[in-house]
Amino acid sequence: MGANAGLSPNQVISQVGKQQSGTGRVLSGQVINASPWIVRLAKLEIHPDFLDQYKAAIEEHTQAALESEPGVLTLYAMTEEKHPNRVTVLEIYASNEAYQTHLKTAHFIKYKTGTQKMVKSLELVNVDAIAFGAKSDVLQLKK
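If you're wondering where the values come from, they're calculated on a predicted model, not measured in any experiment. (Residues numbered from 1 in each chain as written. Predicted model: local features only at pLDDT ≥ 70, side-chain atom pairs only at ≥ 80, totals over all residues. Heavy atoms only, no water.)

Turning next to the sheet that holds strand 4 (residues 72–79). In space, the four strands of this open sheet follow the order 4-5-3-6, with antiparallel pairing throughout. Either end of the sheet is taken by a strand with one partner, and the two such strands are strand 4 and strand 6 (119–126). Strand after strand, the sheet turns through a mean of 15° between neighbouring axes, direction not considered. Sheet topology places strand 3 (residues 38–46) next to strand 5 (residues 86–93); eight bridges connect them, and they run antiparallel. When the bridges of strand 5 are listed, Ala42 appears paired with Val89. Sheet strands touched by helix 3 (residues 96–103): strand 3, strand 4 and strand 5. Its angle to strand 5, the strand with the most contacts, is close to 125°. (Pairing = 2+ DSSP bridges. Helix = DSSP H or I, 4+ residues; strand = E, 2+ residues; numbered from the N terminus. Axes fitted to C-alpha atoms, helices over the stretch in contact; angles between N-to-C directions. Contact = heavy atoms within 4.5 Å.)

Structure representation (structure tokens):
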């Protein structure tokens, strides 16, 4: 599978699913096997004075990772409505190898070192995938 630039999340997940065998999960009519995936929540608290800078940094990092790393399947960063300095990132990697590769990329190192002073706390929570679902055009930018 080549770089996933220009592919929707469903297309990426569908491609991964076609390459794997065994029991699967249902996503937009496609059966996929998520068992080798690394799925994690990164829970961060950002210093309020740096929130805008942090948002710009995570957006840049997310774009770079999705464009250049086929093993990065999902990076969704969001803030809590009532506590905007609390950020949760849903991360899905195709495998442990893809995750380890991600940690060594220039864009991840730039993000990690560039945001270090902005982060008050970080908790990484590994989770088990139960079900995934997304409409195929949910992330398409409307012009």
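From this point on, the discussion continues.
With that out of the way, let us pick up the pattern of salt bridges. Proximity of charged atoms lets side chains of opposite charge pair with each other. Taken as a whole and judged by the stated rule, the model has three salt bridges. One salt bridge in this structure joins Glu80 and Arg86, with 3.5 Å as the shortest N-O distance. For Arg86, a relative accessible area of 36% puts it in the partly exposed group. (Salt bridge = Lys/Arg side-chain N within 4 Å of Asp/Glu carboxyl O. Buried < 20%, exposed > 50% of the residue type's maximum accessible area, 1.4 Å probe, protein only.)

Attention now moves to the environment of Val87. Relative to the assigned elements, Val87 resides in strand 5. In this structure Val87 comes out as buried when scored by relative accessible area, which is 3%. A C-alpha to C-alpha distance of 10.0 Å links Val87 and Val119, two positions 32 residues apart in sequence.

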